[in-house]
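# A structural walkthrough
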Amino acid sequence: MSDGISSAGPPIPPGRLPLGARSPGKCILFGEHAVVRGEPEVLFAIDLYTQIVARPAEAHRLNGSPDPVARHPYLARALAELWPDGSPLDLTVTSRLPKSAGLGSSAAFVAALSTILASVRGGLDRAELARVAYRIEQGAQGVGSPGDTTAVVAGGLLGVNAGKGEPIWAVADDGHRWEVRRLPDPGWTWVIGSSGVPRATGPAVAGVGRLFDAPGGPGRLEAFAEVARSGLDALLGEDREGVGGQMRRNQALLRAVGVSHPRLEAMIDAVAPACWGEKLTGAGAGGSIVALPRAGREMEAVRRLTRLGVPAWAVRVTAGGADTLGAGGPGPPVSGA
Ligand code: MEV
């Protein structure tokens, strides 16, 4: 069910083991951290994927390792939510998303695995998949918003509590409600660079949360919200310079709440001459940056980052969200995986 809000894409179809699924990662353009308090966020699914293949087994295995459930909270939560009979699974995970890099590797793992489990259980409405993926990620992580899981389940370019676009679903939790809307994709190329400095979402969110609760916190939250709204208006007007300017304002706010990092600042300085705007993306304190290159300078922006010795990608918004692999699905048949 989707709260009377129009459907956001095809439901997860019924399927049988062995079964594969994949999920895109995500990139946040505006509003990370403030979204945890229900403020607006703009983000999109990126064309870097996590793929999982699940087969029946004698005992649970994850990429060949035995006893993975105790060591993998996301797997444990997913099985608790969606796999009550507990029959053992042999899971093979392959991913182009760097881990702990702010690009949604946890959300993509949760979404791909939930897609498989929901499919084997008879299929699921996509809005419900987004809600269950959020419960799993939140349960394993302890903090956060539904932004990441919703982006990788929905695919495309999305606004959360941003008031513009076509409503697709809402997720509610502990006094907050996040309304998700699909936005038109201007079709631009974005550049992402990953610092290699690992970060953990929980501590970063908790630290920023303390500042939001301190005197001046409401003003900070409003500043994040205002930048996200102005950035979204510029995006809808296909105004690259305006979007870039709001990305830089957003980065200044993120710096002021202590989630930038010297490595991220060096990457930002290196890429800026080829770009309209650039900022950290995700929880920060390490992780990745996203930049909006000037037309024709996309590869120069990538090169400026790789010269620093960090991996960088030119990415686009990917329209499809998490889905099963196989006949009718987005990828090759699972037997070929
Ligand atoms: C992490 O990718 C984004 C944060 O806003 C946390 C969240 O929304 O769950 C920092």
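Check the entry above for the structure.
This structure is a prediction, so every number in the text was calculated from the model and none was measured. Counting restarts for each chain, with residues numbered from 1 along the sequence as it is written. With the structure being a predicted model, the display of local features is reserved for residues of pLDDT at least 70 and the display and counting of side-chain atom pairs for 80 or more, all residues being used for whole-chain, interface and lining totals. Note that water and hydrogens are dropped before the side-chain values are worked out from all heavy atoms of the structure.

Before going further, it helps to spend a moment on the packing of helix 3 (residues 126–141) against helix 4 (residues 147–154). Interaxial angle, 0 to 180 degrees, is taken between N-to-C directions of lines fitted to C-alpha atoms, where a helix line uses only the stretch in contact. Secondary structure counts use DSSP, requiring at least four H or I residues in a row for a helix and at least two E residues in a row for a strand, with both numbered from the N terminus. Close contact between helix 3 and helix 4 brings their axes to 8 Å; oriented N to C, the two are set at 145°. The way helix 3 lies across helix 4 gives a crossing that is right-handed. Counting all contacts with helix 3, which are made through Arg-126, Leu-129, Ala-130, Ala-133, Tyr-134 and Glu-137, the residues of helix 4 involved are Asp-148, Thr-149, Thr-150 and Val-153. Helix crossings fall into two classes, left-handed where the near helix is turned counterclockwise from the far one by less than a right angle and right-handed where it is turned clockwise. The criterion used for residue contact is that any of the two residues' heavy atoms lie within 4.5 Å.

Let's shift gears to the nonpolar core. Formed by 52 residues in total, the largest nonpolar core has its most connected members in Leu-29, Phe-44, Ile-46, Trp-190, Leu-235 and Val-243. Looking at which element gives the most residues to this core, the answer is helix 6 (residues 217–236), with seven residues. Buried residues of nine kinds, namely Ala, Val, Leu, Ile, Met, Phe, Trp, Tyr and Cys, make up a nonpolar core once their side-chain atoms join them within 4.5 Å. Classification of residues uses two cut-offs on accessible area relative to the type maximum, computed with a 1.4 Å probe and protein chains only: under 20% is buried, over 50% is exposed, and between them is partly exposed. Ranked by size, the runner-up nonpolar core spans 47 residues in total, among them Leu-82, Val-153, Val-171 and Val-205.

As a further point, take the packing of aromatic side chains. Any two of the Phe, Tyr and Trp rings considered here, Trp counted by its six-membered ring, make a pair once their centres fall within 6.5 Å; the pair's planes then place it as stacked at under 30 degrees, edge-to-face at over 60, or tilted in between. Per the stated rule, a full pass over the model turns up four aromatic pairs. Relative to Trp-190, the ring of Phe-44 has its centre 5.5 Å away and its plane inclined at 35°; by these criteria the two rings are tilted. With a gap of 146 residues between them, Phe-44 in strand 2 (residues 41–56) and Trp-190 in strand 9 (residues 190–194) connect regions that are remote in the sequence. Each member of the pair Phe-44 and Trp-190 is classed as buried.

Time to look at the site of the ligand. For this purpose, a residue is taken to be near a molecule or strand whenever a single non-hydrogen atom of the residue falls within 4 Å of it. In the neighbourhood of the ligand, the contacting residues comprise Lys-26, Ile-28, Glu-32, His-33, Val-35, Val-36, Gly-144, Ser-145, Asp-148, Val-205, Gly-282 and Ala-283. Within the backbone of His-33, one N or O atom sits 2.8 Å away from an oxygen atom of the ligand. Asp-148 has a polar side-chain atom sitting 2.8 Å from an oxygen atom of the ligand. Protein coverage of the free-state accessible area of the ligand, which is 300 Å², stands at 99%. Taken together, the residues of the shell around the ligand break down into five nonpolar, four polar and three charged. Pairs of N or O atoms are called polar contacts if they sit within 3.5 Å, as long as, within protein, a hydrogen donor faces a hydrogen acceptor (for residues adjacent in sequence, only side-chain-to-side-chain pairs). Where accessible areas are quoted, they stem from the Shrake-Rupley method and a 1.4 Å probe; at the residue level, only the protein chains shown are allowed to cover. Classification convention: Asp, Glu, Lys, Arg as charged; Ala, Val, Leu, Ile, Met, Phe, Trp, Tyr, Cys, Pro as nonpolar; all other residues, Gly among them, as polar.

Time to look at the environment of Ser-114. Looking at the secondary structure, you find Ser-114 in helix 2 (residues 105–120). In sequence terms Ser-114 and Leu-124 are ten residues apart; their C-alpha atoms lie 9.9 Å from each other. Not counting residues within four places of it along the chain, the set of residues in contact with Ser-114 comprises Leu-82, Leu-129 and Ile-136. A distance of 2.7 Å separates the side chain of Ser-114 from the backbone oxygen of Val-110, its partner in a polar contact.

With omega at -5°, the peptide bond leading from Leu-17 into Pro-18 counts as cis. If you trace the backbone, Pro-18 turns up in the segment before strand 1 (19–30). We note that Glu-238 has phi near 50°; this positive angle belongs to a residue other than glycine. As for its position among the elements, Glu-238 is in the loop between helix 6 and helix 7 (240–256). Assessed through its relative accessible area of 53%, Glu-238 is described here as exposed.

The next thing to look at is the pattern of salt bridges. Take a side-chain nitrogen of Lys or Arg and a carboxyl oxygen of Asp or Glu: if they are within 4 Å of each other, that pair is a salt bridge. Scanning the entire structure with this criterion turns up 14 salt bridges. Lys-26 is paired through a salt bridge with Asp-148; the nearest N and O atoms lie 3.3 Å apart. Remark: Asp-148 occurs in helix 4 and Lys-26 occurs in strand 1; sequence separation between them is 122 residues. A relative accessible area of 2% places Lys-26 in the buried class. Across the pair Glu-81 and Arg-135 runs a salt bridge whose closest N-O atoms are separated by 3.1 Å. Of this pair, Glu-81 sits in helix 1 (residues 73–82) while Arg-135 sits in helix 3, placing them 54 residues apart in sequence. In this structure, a network of salt bridges that share partners links the residues Arg-297, Glu-300 and Arg-304.

What follows deals with helix 7. Working note: α-helix, 3.6 residues per turn, so residues spaced by three or four point in the same direction. The end-to-end C-alpha separation of helix 7 is 24 Å, in line with the 24 Å expected for 17 residues at 1.5 Å each. Along helix 7, the residues that are buried comprise Gly-242, Val-243, Gly-244, Gln-246, Met-247, Asn-250, Gln-251, Leu-253 and Leu-254. Taken together, the buried residues of helix 7 touch strand 1, strand 9, helix 6, helix 8 (262–271), strand 10 (275–281) and strand 11 (288–293). Phi turns positive one or two residues past the end of helix 7, at Gly-258, with a value near 85°. In this scheme, a helix's expected span is set at 1.5 Å multiplied by one less than its residue total.

The next thing to look at is the sheet that holds strand 9. Spatially, 10-11-9-12 is the arrangement adopted by the four strands of the open sheet, whose pairing is antiparallel. Across the chains shown, the open sheet's two edge strands, defined by having one partner strand only, are strand 10 and strand 12 (312–315). With strand direction ignored, the average angle separating the axes of adjacent strands in the sheet is 20°. When DSSP locates at least two bridges between a pair of strands, those strands are taken to pair. Examined bridge by bridge, strand 10 and strand 11 share six bridges and lie antiparallel to one another.

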